[in-house]
Amino acid sequence: MRSTSTKVIGVVGSSAGGVEHLRSGLVEPLIAEGYQVAVTLTPTAARWLFPRVNAGHARHPSWEGHLGLLRKAEVRLVYGEDVWALRQPQAAGIARPLPWATILGELLEMVG
């Protein structure tokens, strides 16, 4: 009997913003790459998915320390001016789309 392996990626939508674009931004591209995608949504997912920070967060004295701790714990951050240029609090205007291509690229590199 020949064994086949299935590539599965689990996504949990929780309290952090953007869930309305999860399908088009992440699930469909992953399926196109040959993955089965299991999506779980928490009760707060209707409002949130990924954290969106602004320049006010990044100015906090603890910010770099928080990022350092996340990196030390081997959390893969999708972060930086080239990915998500930080705006001043309440100056975002029209909601910007999340950097789905970058998020997808990071995810595929991790599981690659």
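Attention here is on the structure that accompanies the text. (Residues numbered from 1 in each chain as written. Predicted model: local features only at pLDDT ≥ 70, side-chain atom pairs only at ≥ 80, totals over all residues. Heavy atoms only, no water.)

### Considerations on the nonpolar core
Step number 1: Within the largest apolar cluster, 16 residues are counted, with the highest numbers of intra-cluster contacts made by I9, L22, L26, L30 and W100.
Step number 2: Listed by contribution, the elements that provide at least two residues to this core are β1 (8-13), α1 (22-32) and α4 (100-111).
Step number 3: Looking at which element gives the most residues to this core, the answer is α4, with 5 residues.
Step number 4: Among all residues touching L30, those that are not within four sequence positions of it are I9, Y35, V37, L104, L107 and L108. (Core = buried A, V, L, I, M, F, W, Y, C linked by side-chain atoms within 4.5 Å. Buried < 20%, exposed > 50% of the residue type's maximum accessible area, 1.4 Å probe, protein only. Helix = DSSP H or I, 4+ residues; strand = E, 2+ residues; numbered from the N terminus. Contact = heavy atoms within 4.5 Å.)

### So, the packing of aromatic side chains
Step number 1: Per the stated rule, a full pass over the model turns up 1 aromatic pair.
Step number 2: Taking the centre distance of 6.2 Å and the plane angle of 50 degrees together, the rings of W63 and Y79 count as tilted. With W63 in helix α3 (residues 63-72) and Y79 in the loop between α3 and α4, this residue pair connects regions lying 16 residues apart in the sequence. (Phe/Tyr/Trp six-rings, centres within 6.5 Å; stacked < 30°, edge-to-face > 60°.)

### Digging into the environment of Y35
Step number 1: Positionally, Y35 belongs in the loop between α1 and β2 (36-41).
Step number 2: With a relative accessible area of 12%, Y35 lands in the buried category.
Step number 3: Separated by 73 residues in sequence, Y35 and L108 have C-alpha atoms that sit 9.9 Å apart.
Step number 4: If near-sequence neighbours (up to four positions away) are discounted, Y35 is found in contact with K7, V8, I9, L30, L108 and V111.

### A closer look at the side chain of N54
Step number 1: The topology assignment puts N54 in the loop between β2 and α2 (55-59).
Step number 2: At 2.8 Å, the side chain of N54 forms a polar contact with the backbone nitrogen of G56.
Step number 3: Beyond its immediate sequence surroundings of up to four residues, N54 is in contact with L86, R87 and P89. (Polar contact = N/O pair within 3.5 Å; in protein donor to acceptor, adjacent residues only side chain to side chain.)

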